[in-house]
Amino acid sequence: MSRTAEGPQPADLAAELARRPTAIAALVTLRDRAAATVGDLGGVDEASREALRADLCWLAATGLLRREPHGSWDVVAATGAYRLSTMGNALADALNALAEGCRHLAGASATQRRDSTPR
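Reading the values: the criteria
Residues numbered from 1 in each chain as written. Predicted model: local features only at pLDDT ≥ 70, side-chain atom pairs only at ≥ 80, totals over all residues. Heavy atoms only, no water. Helix = DSSP H or I, 4+ residues; strand = E, 2+ residues; numbered from the N terminus. Contact = heavy atoms within 4.5 Å. Salt bridge = Lys/Arg side-chain N within 4 Å of Asp/Glu carboxyl O. Buried < 20%, exposed > 50% of the residue type's maximum accessible area, 1.4 Å probe, protein only. Polar contact = N/O pair within 3.5 Å; in protein donor to acceptor, adjacent residues only side chain to side chain. Expected span 1.5 Å × (residues − 1). Arc of directions from axis to C-beta.

K.L.:
Which residues make up the environment of A81, and what values do they have?
P.N.:
With respect to the secondary-structure elements, A81 resides in strand β2 (residues 81-84). For A81 and T37, which are 44 residues apart along the polypeptide, the C-alpha to C-alpha distance reads 5.1 Å. Residue contacts for A81: discarding those within four places in its chain leaves A35, A36, R66, R67 and E68.

K.L.:
Go over the pattern of salt bridges with me, naming the residues and quoting the values.
P.N.:
Summed over the entire model, instances satisfying the criterion amount to eleven salt bridges. The salt bridge involving D32 is made with R31; its shortest N-O contact spans 3.6 Å. Residue class for D32 comes out exposed when judged on its relative accessible area of 58%. Between R66 and E68 there is a salt bridge; the shortest N-O distance is 3.5 Å.

K.L.:
Any details on the side chain of D55? Residues and values, ideally.
P.N.:
If you trace the backbone, D55 turns up in helix α5 (residues 46-61). Those residues in contact with D55 that sit more than four places away from it in its chain are R20, T22 and A23.

K.L.:
Outline the side chain of S85, supporting the account with residue identities and numerical values.
P.N.:
Note that S85 resides in the loop between β2 and α6 (86-116). Judged by relative accessible area, S85 falls into the buried class, the value being 13%. Engagement of the side chain of S85 in a polar contact is seen with the backbone nitrogen of G88, the distance being 3.0 Å. Not counting the four nearest positions on each side in its chain, S85 is found in contact with G63, L64, L65 and R66.

K.L.:
Talk me through helix α3 (residues 21-32); I want residue IDs and the actual numbers.
P.N.:
In this model, α3 (twelve residues) spans 17 Å end to end at C-alpha, consistent with the 16 Å of a helix rising 1.5 Å per residue. Among all positions of α3, only A23, A26, L27 and L30 are buried. Viewed along the axis of α3, the buried residues span an arc of 100 degrees, placing them on a single side of the element. Relative to its buried face, α3 has exposed residues pointing more than 90 degrees away, namely P21 and D32.

This is the structure:
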């Protein structure tokens, strides 16, 4: 099976996601909602709409996202519903688990710092 058919490699995906905060925000929003429109995903000004459009196209190209109704990705469909694919849901769940773990560790560190403060 080719690498293209398998989807993106985890290290490549992580590196690209680190450069695409709008894509991460879209993944999080779509994890919390079954579907969302472009308006739901953000893009209030021209620059943010362009970043969102590019990231939605990238997410779709990597197999993490799909749009209904199907059609050209040359134009952002204002009324289209964007949904995570199975792989997109798995990634969004993994990102959520990572965020929860970081919050837990941050809370534990804060508790340890408070407990180690001389009284």
